[in-house]
Amino acid sequence: YTLSLHDALPISLTPARYGSTANLLDAMTGCHEALADSGANIPVCVIKEIYRAKKVVGGIADASKAMPDHELAMVLIGVIKGNGSGVIKPVTRLICAVWKPASSEVLGMSVTTKECLAAALLLVLDQAGHLPSPLSGDLVYLVIVATFLLVKISAALGQPIDPFAPLERSAN
């Protein structure tokens, strides 16, 4: 017995209901655009950013098991686990022969990469015991999640915030 497209899709999404596959794709595109333009995607953004913080912590934990005395490796693996798509994008562009050296995440980091880098640094410093006790532990994680949420939700609502802009302006 083999499954067809009609068996795999729920009844309301079968092409027969919409007349053709093109009409079904038009309906799905319309739903996607409606959700992308409204605030309906904010719960998804919240879940993604909470999960991003969890992935940074997981990357640091994995690196600390493999290389317990290498804090730089812990930070790098935490950043890569937290923002893997942003880090792998230049590699993908290189493979597809559309690589531009100026678009590298190392040279021009996105806000998400900067957030993951700052989070990984704070978490490694906390793990090593270099943060004062009132600021360590769960409070650091809570601040990281709150910062991730603030930046993502502000961008989803149309007013993007870059918490690193003041530091970058003062450095220049």
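Refer to the preceding data block for the structure.
For clarity, every value in this text was computed on a predicted model and none was experimentally measured.

Describing the overall build of the chain
1) Next: From N to C terminus, the chain includes nine helices and zero strands.
2) Next: Helices and strands in the chain line up, N terminus first, as α-α-α-α-α-α-α-α-α.
3) Next: Burial analysis of the chain (172 residues in total) assigns 24% to the buried set.
4) Next: Counted over contacts in the chain with a minimum sequence separation of 6, partners at least 24 positions apart contribute 54%.
5) Next: Approximately 11300 Å² of the chain is accessible, and the part contributed by carbon and sulfur atoms is 67%.

Some remarks on the environment of V124
1) Next: By secondary structure assignment, the location of V124 is in helix α7 (residues 111-128).
2) Next: Judged by relative accessible area, which is 7%, V124 ranks as buried.
3) Next: For V124, the contacting residues outside a window of four places in its chain are I60, E71, M74 and V75.

Remarks on the nonpolar core
1) Next: Within the largest apolar cluster, 17 residues are counted, with the highest numbers of intra-cluster contacts made by V56, I60, A120, L123, I144 and F148.
2) Next: Beyond its immediate sequence surroundings of up to four residues, V56 is in contact with G78, G82, C116, A119, A120 and L123.

Quick notes on the pattern of salt bridges
1) Next: Scanning all chains against the criterion turns up four salt bridges.
2) Next: The salt bridge partner of D62 is K81, with a shortest N-O separation of 3.4 Å. You can see D62 sitting in helix α4 (residues 42-66) and its partner K81 sitting in helix α5 (residues 71-82), a full 19 residues away along the chain.
3) Next: The class of D62 is partly exposed, set by a relative accessible area of 41%.
4) Next: Residue E168 pairs with K114 through a salt bridge whose shortest N-O separation is 2.4 Å.

Digging into a nonpolar patch on the surface
1) Next: On the surface, a nonpolar cluster with roughly 370 Å² of combined accessible area is contributed by L135, L139, L142 and V143.
2) Next: Following the sequence through the fold, L142 ends up in helix α8 (residues 138-156).

Describing α4
1) Next: Along its 25 residues, α4 runs 36 Å from first to last C-alpha, staying within 8% of the 36 Å computed at 1.5 Å per residue.
2) Next: All of the buried residues along α4 are I42, C45, E49, R52, A53, V56, G59, I60, A63 and S64.
3) Next: Contacts from the buried residues of α4 go to α5, α7 and α8.

Here's the deal with the side chain of E49
1) Next: By the element assignment, E49 lies in helix α4.
2) Next: For E49, a relative accessible area of 2% corresponds to the buried category.
3) Next: Not counting the four nearest positions on each side in its chain, E49 is found in contact with F148, L149 and K152.

Comments concerning the packing of α7 against α8
Two measures define how a pair of helices packs: the angle their axes make with one another and the distance between the axes.
1) Next: It is the contact of α7 with α8, at a shortest axis distance of 10 Å, that shows an interaxial angle of 175°. It follows from the interaxial angle that α7 and α8 lie roughly antiparallel. Two secondary-structure elements touch here, α7 through V111, E115, C116, A119, L122 and L123 and α8 through V140, I144, T147, F148 and V151.
2) Next: When its residues are assigned to classes, the contact of α7 with α8 shows nine nonpolar, one polar and one charged.

Quick word on the environment of L149
1) Next: Within the element layout of this structure, L149 appears in helix α8.
2) Next: Put simply, L149 and I47 are 102 residues apart on the chain and 9.2 Å apart in space, counted from C-alpha to C-alpha.
3) Next: Setting aside chain neighbours within four positions, we find L149 in contact with V46, E49 and S154.

Description of the environment of I42
1) Next: Looking at where I42 falls in the secondary structure, it is placed in helix α4.
2) Next: Owing to a relative accessible area of 19%, I42 belongs among the buried residues under this scheme.
3) Next: With 111 residues separating them along the chain, I42 and I153 place their C-alpha atoms 6.6 Å apart.
4) Next: The residues contacting I42, other than those within four sequence positions of it, are I153, A156 and L157.

Parameters at a glance
- Residues numbered from 1 in each chain as written.
- Predicted model: local features only at pLDDT ≥ 70, side-chain atom pairs only at ≥ 80, totals over all residues.
- Heavy atoms only, no water.
- Helix = DSSP H or I, 4+ residues; strand = E, 2+ residues; numbered from the N terminus.
- Buried < 20%, exposed > 50% of the residue type's maximum accessible area, 1.4 Å probe, protein only.
- Contact = heavy atoms within 4.5 Å.
- Areas by Shrake-Rupley, 256 points an atom, 1.4 Å probe, with all protein chains shown as cover.
- Core = buried A, V, L, I, M, F, W, Y, C linked by side-chain atoms within 4.5 Å.
- Salt bridge = Lys/Arg side-chain N within 4 Å of Asp/Glu carboxyl O.
- Patch = residues over 30% accessible without salt bridge, like charges linked within 9 Å, V, L, I, M, F, W, Y side chains within 5 Å.
- Expected span 1.5 Å × (residues − 1).
- Axes fitted to C-alpha atoms, helices over the stretch in contact; angles between N-to-C directions.
- Parallel < 35°, antiparallel > 145°, perpendicular 65-115°, else oblique.
- Nonpolar A, V, L, I, M, F, W, Y, C, P; charged D, E, K, R; others polar.

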